[in-house]
Structure formats: C-alpha cells, structure tokens
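As a plain string of letters, each chain reads:
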Amino acid sequence: MPELPEVECVRRGLLRSLPGQEIATARVLWPGSVATHTPEAFAELVRGARWGVPDRRGKYLILPVPPRCLVVHLRMTGRRFAAPHRDDEWEYHPHTRLILEHTDGSRLYLRDIRKFARVYLVEDPLSVVGALGPEPLAEDLTAEVFDALLSRHRRQIKPLLLDQHVIAGLGNIYADESLWVAGIHPLRSSDSLSALERVRLYKAIRNVLSQAIVDGGSTIRDYHGADDRRGSHQQVLAVYGRRGRPCPRCGSEIIRSVVAQRGTHWCPTCQPLPGLQP
Ligand code: ZN
C-alpha cells in the first residue's frame, strides 16, 4: 500500500498540477526521506528546476526535474499533496517530511507517518527502477508474454506475484483480489497452473488493476490521491480485508492466513487447493 493503481492515480493528479511549475525552494524536514542527497544538496540541485511530465513505473512515481529526475516510493504510509497554495495543516503537520514550493506559491508536500517513503534524485531513473519486472497493464505484456514469465519460475503464486522483479506494481491487496477473480489458491505452485488458469490470472490482474484505477484506488489506511481525496475501490474488494465475511461469488467464509509473511485472503470454495484442505 499504495500499489500500482494508487500510484497511478497520484500520477494522474500530479499531471494536472505539476508540469511547467518552477521549484523555488525545497525543505527536507526529515533527512532520511531523501535517499540520495543531504537536505542542503537536494535543495540546491532542485532549486530553479521545472517539472516535466510525471511518469510511473510499478509502485514508483517518476517526476522529471530536468536534467534530473525525482523517483518517489511512497511505501506504506506516504502521502503526497499538490496544494494550490500554502496549506497550514500540511505545512506544520508533524509527519510532513518534504515541502517543495513553486514560484507561484503552490506546494508539493510529502507526508509520511512511518518514515518509509523515499525520494531519489537521480540522473537516470533506471538506476532506481531498472531491475523491475514488466508493467502489468502495458500493451506489450500480452497473455503469451505473461505465460512465458510464469513458466520461468516454480514458486508459490502469491509471493511470485508480489516479487517486483517478476512483475511490477502488485502488492498484497491486488494480488489477493486477482487470485480470487482467477479462482487460484494463493499457495498453488506457479508451475502447477494450467494454460487456462494462466490466461485467467493474466486477465484478472489487468481487470482488477484497471478497475481500481477507475475507482481512484483503495483507501485502506492512509492512501489519498494527489488532490488528497480518498479512493473508493476498498468498497468493492472481494477478499482482501474480508476475513470471515461471505465470498461475493459463492457465499463461503473468506479465510485469512499468512503466506510468505503477508496476510493473505481467499475463498476456500472458489480457490481450492488440490490435494489439501484449506
Ligand atoms: Zn467463493
């Protein structure tokens, strides 16, 4: 959290407010937020730079400030807010870690309760995101390419989907939701999936992520879009966070257990585990 849909929604929000704005000052309120520079060096390098067009790779925001680039990972509790002017609640909030002020007085804030969010100021974004797997919504990630991707591995399917080097952007929520849509138990070995199941999973991932973007993302704990609004996709989640509640498809009780250290939700009827009782 936030995962691909939430980061994509932030990107789209920033697309409206950021490009062309000139950075007047940068204040790094918690030095650990900037992974690559001291607060002073960071402020010096971005001062006078103009934002280019925001991009995204997996769960990373890529914000060009030519000739450099800010790569931002919001991790668990990171929130960005593009404010049209100084916003005192954000300006003085104890969890505000970074404030970028533009020459027209608008601001970009980074607030982060748990201090996990990271900003990288780099010349080439690939130095941060170069090892990521393919984008799940990219046109060139066809069902055949996805199939080939899975066939290179022999691991439990849930941790495989969470591995950002295999496929970029899925986290706990959308991995659980995609597996439910596809009717695949999270503990299945990736090499045990039939050709039909692999196609179902491919379609499920793309549909689940696309719909979540349309809904403005899922606000489970802290996620808010760039305009600080909450998403609504949490209201339609089928399994994630719904332990003990009925499966929307069959009415069975949703089960939660821990898979590879992550809380994992599934329906014991729609997602059977061959040879094992769930
Ligand atoms: Zn079910």
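Procedures and definitions
- Residues numbered from 1 in each chain as written.
- Predicted model: local features only at pLDDT ≥ 70, side-chain atom pairs only at ≥ 80, totals over all residues.
- Heavy atoms only, no water.
- Helix = DSSP H or I, 4+ residues; strand = E, 2+ residues; numbered from the N terminus.
- Buried < 20%, exposed > 50% of the residue type's maximum accessible area, 1.4 Å probe, protein only.
- Lys, Arg positive; Asp, Glu negative; His and termini not counted.
- Salt bridge = Lys/Arg side-chain N within 4 Å of Asp/Glu carboxyl O.
- Polar contact = N/O pair within 3.5 Å; in protein donor to acceptor, adjacent residues only side chain to side chain.
- Phe/Tyr/Trp six-rings, centres within 6.5 Å; stacked < 30°, edge-to-face > 60°.
- Lys NZ or Arg CZ within 6 Å of the ring centre and 35° of its normal.

(A) Geometry of the side chain of Glu3. Structurally, Glu3 is set in the segment before helix H1 (4-17). The buried charged residue Glu3 lacks any salt bridge partner; its closest oppositely charged side chain belongs to Lys59, at an N-O distance of 5.9 Å. A polar contact is formed between the side chain of Glu3 and the backbone nitrogen of Asn172, at a distance of 3.1 Å. One polar contact links the side chain of Glu3 to the main-chain amide nitrogen of Ile173, over a distance of 2.8 Å.

(B) A look at the packing of aromatic side chains. One pass over the structure, following the stated rule, counts two aromatic pairs. Ring geometry for Trp90 and Tyr109: centres 5.9 Å apart, planes at 40°, overall tilted. Placement of the pair is Trp90 in helix H3 (residues 88-91) and Tyr109 in strand S7 (residues 107-112), with a sequence separation of 19 residues. Overall, the relative accessible area of 1% leaves Trp90 in the buried class. Here the aromatic rings of Phe146 and Tyr202 are separated by 5.7 Å at their centres, their planes lie at 45°, and the arrangement is tilted. Here Phe146, found in helix H5 (residues 143-151), pairs with Tyr202, found in helix H8 (residues 195-214); they are 56 residues apart in sequence, far enough to count as distant. The residues Phe146 and Tyr202 share a single accessibility class, namely buried. Here the guanidinium or amino end of Arg111 rests over the ring plane of Trp90, the centre of that ring lying 4.0 Å away. Here the basic side chain of Arg249 rests over the ring of Trp180, its NZ or CZ set 4.0 Å away from the ring centre.

In short, shape yes, function no, at least from these values alone.
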